[in-house]
Amino acid sequence: MTRLLALSGSLRAASTNTALLTTLAELAPTGVEVVQHGIGDLPLYNSDLTGPALAPVERLKAAITAADGVLIAVPEYNYGIPGPLKNAIDWASRPAYASPFAGKPVAILGASAGGSGAVRAQGQLKQVLLGMGSQVFAWPEVAVTFAGQKITDGVVTDETTRGFLERFVVAFAAWAPAVPNPLG
Ligand SMILES: Cc1cc2nc3c(=O)[nH]c(=O)nc-3n(C[C@H](O)[C@H](O)[C@H](O)COP(=O)(O)O)c2cc1C
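What this report covers is the structure whose coordinates are included nearby. (Residues numbered from 1 in each chain as written. Predicted model: local features only at pLDDT ≥ 70, side-chain atom pairs only at ≥ 80, totals over all residues. Heavy atoms only, no water.)

Examining empty space enclosed by the protein
Line of reasoning, step 1. For the structure shown, the criterion picks out one cavity of 30 Å³ or more.
Line of reasoning, step 2. Roughly 40 Å³ of internal volume is contained in the largest cavity.
Line of reasoning, step 3. Lining the largest cavity we find Ala107, Ile108, Gln122, Lys126, Phe137, Ala138, Pro140, Glu141, Val142 and Phe168.
Line of reasoning, step 4. Residue assignment for the lining of the largest cavity shows that the elements contributing at least two residues are strand 4 (105-111) and helix 4 (119-131).
Line of reasoning, step 5. Residues of the lining of the largest cavity, tallied by class, amount to seven nonpolar, one polar and two charged. (1 Å grid on protein atoms, 1.4 Å probe; cavity = no way out; pocket = protein on both sides within 12 Å on 5 of 7 lines; lining within 4 Å. Points joined across faces, edges and corners; volume = space filled by probe spheres on them. Helix = DSSP H or I, 4+ residues; strand = E, 2+ residues; numbered from the N terminus. Nonpolar A, V, L, I, M, F, W, Y, C, P; charged D, E, K, R; others polar.)

Considering the layout of surface pockets
Line of reasoning, step 1. Approximately 200 Å³ is the volume found for the largest pocket.
Line of reasoning, step 2. Together, 14 residues line the largest pocket, and Thr16, Pro75, Ala111, Ser112 and Ala113 are the ones closest to its centre.
Line of reasoning, step 3. Here the residues of the lining of the largest pocket are counted per class, giving five nonpolar, seven polar and two charged.

Some details on the site of the ligand
Line of reasoning, step 1. Of all residues adjacent to the ligand, which total 14 residues, the nearest are Ser10, Arg12, Ser15, Thr16 and Ser116.
Line of reasoning, step 2. At 2.8 Å, a side-chain N or O of Asn17 approaches an oxygen atom of the ligand.
Line of reasoning, step 3. Tyr79 places a main-chain nitrogen or oxygen 2.8 Å from an oxygen atom of the ligand.
Line of reasoning, step 4. Notes on the ligand: free accessible area 620 Å², of which the protein chains cover 71%.
Line of reasoning, step 5. Here the ligand is seated within the largest pocket.
Line of reasoning, step 6. Residues belonging to the shell around the ligand are distributed by class as follows: four nonpolar, seven polar and three charged. (Near = heavy atom within 4 Å. Polar contact = N/O pair within 3.5 Å; in protein donor to acceptor, adjacent residues only side chain to side chain. Areas by Shrake-Rupley, 256 points an atom, 1.4 Å probe, with all protein chains shown as cover. Sits in = over half its atoms within 2 Å of the grid points.)

Overview of the pattern of salt bridges
Line of reasoning, step 1. For the structure on display, the rule yields six salt bridges.
Line of reasoning, step 2. In this structure, Arg3 engages Glu33 in a salt bridge whose closest nitrogen and oxygen atoms are separated by 2.9 Å. Placement of Arg3 in strand 1 (residues 2-8) and of Glu33 in strand 2 (residues 32-36) is noted, with a sequence separation of 30 residues between them. (Salt bridge = Lys/Arg side-chain N within 4 Å of Asp/Glu carboxyl O.)

Some words on the packing of aromatic side chains
Line of reasoning, step 1. Under the definition given, this model contains five aromatic pairs.
Line of reasoning, step 2. Relative to Phe168, the ring of Phe137 has its centre 6.0 Å away and its plane inclined at 70°; by these criteria the two rings are edge-to-face. Residue Phe137 is found in the loop between strand 5 (135-136) and strand 6 (142-144), and its partner Phe168 is found in helix 5 (residues 159-175); the two are separated by 31 residues along the sequence. Summarising the burial analysis for this pair, Phe137 and Phe168 share the class buried.
Line of reasoning, step 3. A ring pair is formed by Phe172 and Trp175, whose centres lie 6.0 Å apart and whose planes are at 40°; its orientation type is tilted. Of this pair, Phe172 and Trp175 both sit in helix 5, three residues apart, roughly one helical turn. (Phe/Tyr/Trp six-rings, centres within 6.5 Å; stacked < 30°, edge-to-face > 60°. Buried < 20%, exposed > 50% of the residue type's maximum accessible area, 1.4 Å probe, protein only.)

Quick look at helix 4
Line of reasoning, step 1. Here helix 4 contains 13 residues, and its C-alpha end-to-end distance of 19 Å stays within 8% of the 18 Å for a straight helix at 1.5 Å per residue.
Line of reasoning, step 2. For helix 4, the set of buried residues is Ala121, Gln122, Leu125, Lys126 and Leu129. For helix 4, the buried positions fall inside an angular range of 145° around the axis, keeping them on one side. Of the residues in helix 4, the exposed ones pointing more than 90 degrees away from the buried face are Gln127 and Leu130.
Line of reasoning, step 3. Tucked inside the fold, the buried residues of helix 4 contact strand 3 (69-73), helix 3 (83-92), strand 4, strand 5 and strand 6.
Line of reasoning, step 4. Two residues or fewer after helix 4 comes Gly133, characterised by a positive phi angle close to 80°. (Expected span 1.5 Å × (residues − 1). Arc of directions from axis to C-beta. Contact = heavy atoms within 4.5 Å.)

Written out as C-alpha cells, the structure is:
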C-alpha cells in the first residue's frame, strides 16, 4: 500500500483546497491511500514550548515520516503561503536538514476563488520545500481557478478538473515510493 499524507493549507470547513484533497482520495488508484491530517491544532511556532503543547507537532511529524509522499493543497493569501500552513511546515522542519521533510517526496496543488490557481503561493511553497531538502514533484501541476464553480459539497465535480486531478495523483503515487532519498 502506498500511503500519501495530505495537508490542506486552509482551516475552513468549506475549503476548496481541502476539497481537492478529498477528491484526490476518491480518484487515487487501487493500492494508494490518501489520508488527510489537520494542521489547525498546532500552536504558533515557538521553540521555547515543551511538554504536552508539542503533542500535535509530534503527531504531524510522525505522520509525515510514515508517509511515502506528502500532498499539500495551498491557497494563496495576499500572493503568498497562508500563515497556518507555513506555521505547520516550520514546526515539521526541525531538526534542520534531518526533519521529516528532508528527502521526502512532496507534491503541491492549489485552488483559488479567482483566476490565479494559487500559482504564486505554489511557487513560494516549492522554494520553502527545497530549503528543507524535500524532493518536489515537478509535473503535472494542478492549479484550479474559479474553484467555487467546480466544487459541490466538498468534492470536485467539474469533469475536466477531475481528469487533471486523477492524472496528478496517479503520477505522484507512482513516483513518490520509487524516488531514492539522497539524504536518507
Ligand atoms: C486573507 C486572504 C487573502 C487572499 N489573497 C488572495 C491572493 O493573493 N490571490 C488569490 O488568488 N486569492 C486570494 N484570496 C482568495 C482565496 O483564493 C480564496 O479565499 C480561496 O477560496 C481560499 O482557499 P480555500 O477555499 O481553500 O479556503 C485571499 C483570501 C484571503 C482570506
